[in-house]
Amino acid sequence: MGRYLRSLGAFWSSSLAMELEYPLNALIELLSVLGNLAGSVVVLALFYGRGHGLGGWSWDEALVVLGIYTLLDGFTSTLLQPNLGAIVNHVRTGSLDFVLLKPIDSQFWLSARSFSPWGLPGVLAGLALIGLATRWAGASPALPTLLGAGLLLLCSALILYSLWFVLAATSIWFVKVWNATEVLRSTLVAGRFPVSAYPPALRTLFTLVLPVAFLTTVPAEAILGRATPPWVLASLGMALLSLTLSRALWRHALRYYTSASS
Amino acid sequence: MKRSLRLARVLLSVQYAYMLEYRAEIALWALSGLLPLIMLALWSGAGAAADLSLSPAELRRYFLAAFVVRQFTVVWVIHIFEEDALQGRLSPYLLQPLHPFWRYLAAHIAEQATRVPFVLAIVLAVWLLGAGASGWPPPSTWLLGLLVTILAFLLRFLLQSVITMACFWSERAAALERLLLIPYLFLSGLVAPLEAFPPGLRRLALATPFPSMVDFPARLLSGAEVDLLGGLFTMAAWTVLLLPLFLLLWRAGLRRYAAMGA
């Protein structure tokens, strides 16, 4: 355990040093987070401005969902994109060989090697929006509620990680899927809005197949103090299941890895 | 003239063969453009269509058309150029008596040709699911729409090429594309028909080149009423503005190009 923590420190400080070579990117990312947030709020306003609303959620409550989406998007840019987006290249160029030879778990190395500070503005903006919108919505969550919501947010981060990892791991078989993860990112855009705003068929799809509901809607309900035990349990189960699946798939995939010597 | 034709044929057929290798990936890419369909689900669920003076059938046609336009206007030249410039692959291209961007343009066109069957399948599926009672606009309308879609693609390619020139000055210029994507996403008509915008925002959107890239061709495709000459004029005006800018930046950039890598 200590070895893993020490490695993590070394990994992240070295990637931080590398990323800081490009200070202008900080500005670009900041602008991009603010621009995306402003755009999403405008789109939400288009729905609410006409008094229709989305799936029975009030304006402030819908902003909480948007905040969670922004937070998760920042998490994606910080950890998932730089690490899991690189797996395909490791497979294609054969540098996965070196990863497998290291005396450390290969899934851990591949998932935690890089750290990009440029996702942090998204994380901060997301947290700020969640806090503000919760207050505006008139909810004042007590400590247990906050802890529960934190747990559910952790679940959604784990689900998101597993989805990314599973897609990236399939590159062992289909070497050229460097954009498979982009597909995921663009489909998860659906999580900007509460899942109840979608027609029933899509709602089922977004709950069972592509768990967008667990990513943003369920944690938002928890923060607003509306969590129900079945959803909380389902969210925990989904996180556990997807994490186990990602682990099992990786072990299975490695048996098919033949390196890229030719 | 004869040389150019032969050159175009060779470039396109080489790139098409190359893209066919990636067809599984391109199928995934096609899925990544589902945003207009997700937005269609939201808009029809919100019952907001009535306020927009659009019937539900018109709304469905609009977003389906926007989906098609989005599929055939995907541009990734900045990513491939950044990679080529960083890895030194640009150097041999520069030695050839052909502007390297013709090669990229051919790659994009070939990729779109590979995309056709997937897009047709998705459009057909949505058409069947959404009860095609509303009828399809007459061939003359949608043929014109497809033609304008190609123009929209060229305009978007040109705009991204201008931004791409930043690769000569920075190693991480592809990050700029994230900024460019924001107005494209929110102002082009991908997430909402422009009628839904408040008047001020709509004027702002119309002052940018982005509505020409989705809204205008999508309206033509869906058989809505459009100011054809005005729209074409706007596209031409943006081209006249951007093309010299691109050539100027290209010449300035080449002088800085240091042939990194190989």
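This structure is a prediction, so every number in the text was calculated from the model and none was measured.

## Quick word on the confidence of the model for chain B
All names here are of chain B. For chain B, per-residue confidence averages 85 on the pLDDT scale, and residues scoring 70 or more make up 93% of the total. Ranking the helices and strands of chain B by mean pLDDT puts helix 13 (residues 228-256) first, with 93, and helix 2 (residues 23-32) last, with 75. Reported confidences for the modelled complex are a pTM of 0.87 and an ipTM of 0.82.

## Regarding the environment of L241 of chain A
Locating L241 of chain A in the fold gives a position in helix 12 (residues 229-254). Taking the number of C-beta atoms within 10 Å as the measure of exposure, L241 of chain A has 13 and is therefore partly exposed.

## Observations concerning the packing of helix 8 (residues 139-164) of chain B against helix 13 of chain B
The relative placement of two packed helices is expressed as an angle between their axes plus a distance between the axes. Residues and elements named next belong to chain B. Relative to each other, helix 8 and helix 13 sit at 35°, their axes nearing to 9 Å. For the pair helix 8 and helix 13, the sense of crossing is left-handed. Every residue of helix 13 that contacts helix 8 at L151, L155, L158, L159, S161 and V162 is listed here: M235, W238, T239, L242, L243, L245, F246 and L249.

## Structural notes on the environment of E58 of chain B
Residues and elements named next belong to chain B. By secondary structure assignment, the location of E58 is in helix 4 (residues 56-71). By C-beta crowding, E58 is classed as partly exposed, having 17 other C-beta atoms within 10 Å. Sequence spacing of E58 and R70 is 12 residues, and the spatial spacing of their C-alpha atoms is 18 Å.

## A short note on the environment of S259 of chain A
The topology assignment puts S259 of chain A in the segment after helix 12. Beyond its immediate sequence surroundings of up to four residues, S259 of chain A is in contact with G94 and D97 of chain A.

## A look at the interface of chain A and chain B
Tallying the contact residues gives 31 residues for chain A and 28 residues for chain B. Breaking the side of chain A that touches chain B down by element, the ones donating at least two residues are helix 2 (24-48) and helix 9 (180-187) of chain A.

## A few points about helix 2 of chain A
Between the first and last C-alpha of helix 2 of chain A there are 36 Å, a value that for 25 residues agrees with the 36 Å anticipated at 1.5 Å per step. N25, E29, S32, V33, N36, L37, S40, L44, L46 and F47 of chain A are the residues of helix 2 of chain A that are buried. Elements in contact with the buried residues of helix 2 of chain A: helix 3 (59-84) and helix 7 (120-136) of chain A together with helix 9 (175-187) of chain B.

## Topic: helix 12 (residues 215-222) of chain B
Residues and elements named next belong to chain B. Burial of helix 12 is extensive: eight of the eight residues sit out of reach of the surface. Three or more residues of helix 12 are buried, namely D215, F216, P217, A218, R219, L220, L221 and S222. Taken together, the buried residues of helix 12 touch helix 4, helix 8, helix 11 (210-213) and helix 13. Looking one or two places after helix 12, you find G223, whose phi comes out positive at around 80°.

## Side note on the packing of helix 3 of chain A against helix 11 (residues 212-223) of chain A
All names here are of chain A. One can describe the packing of helix 3 onto helix 11 by two numbers: an axis separation of 9 Å at closest approach and a directional angle of 125°. Between helix 3 and helix 11, the interaxial angle falls into the category oblique. Pair helix 3 / helix 11 crosses with right-handed handedness. Listed contacts from helix 11 to V64, V65, I68, Y69 and L72 of helix 3 are L215, T216, T217, P219, A220 and I223.

Reading guide: rules and limits
- Residue numbering note: each chain is counted from 1, following its sequence as written.
- Chain letters start at A and ligand numbers start at 1, both assigned in the order the entries are written.
- In keeping with the predicted nature of the model, local features appear solely for residues at pLDDT of at least 70, side-chain atom pairs appear and are counted solely at 80 or more, and the whole-chain, interface and lining totals rest on all residues.
- The quantity known as pLDDT measures the predictor's confidence residue by residue, on a range of 0 to 100.
- Strands here are runs of E lasting at least two residues and helices are runs of H or I lasting at least four, both read from the DSSP assignment and numbered beginning at the N terminus.
- Counting other C-beta atoms within 10 Å of each residue's C-beta, where C-beta atoms are placed from the backbone, gives the exposure class: buried for 20 or more, exposed for 12 or fewer, partly exposed between.
- The axes are straight lines fitted to the C-alpha atoms, using for helices just the contacting stretch, and the angles between their N-to-C directions are given from 0 to 180°.
- Here a crossing is taken to be left-handed if its near helix is turned anticlockwise relative to the far helix by less than a right angle, and right-handed if that turn runs clockwise.
- The contact criterion used is a C-beta to C-beta distance within 7 Å, with each C-beta placed from the backbone.
- Here the expected span of a helix is defined as 1.5 Å times the quantity of residues minus one.
- Comment on the angle field: the value is read as roughly parallel under 35 degrees, roughly antiparallel over 145, roughly perpendicular from 65 to 115, and oblique elsewhere.

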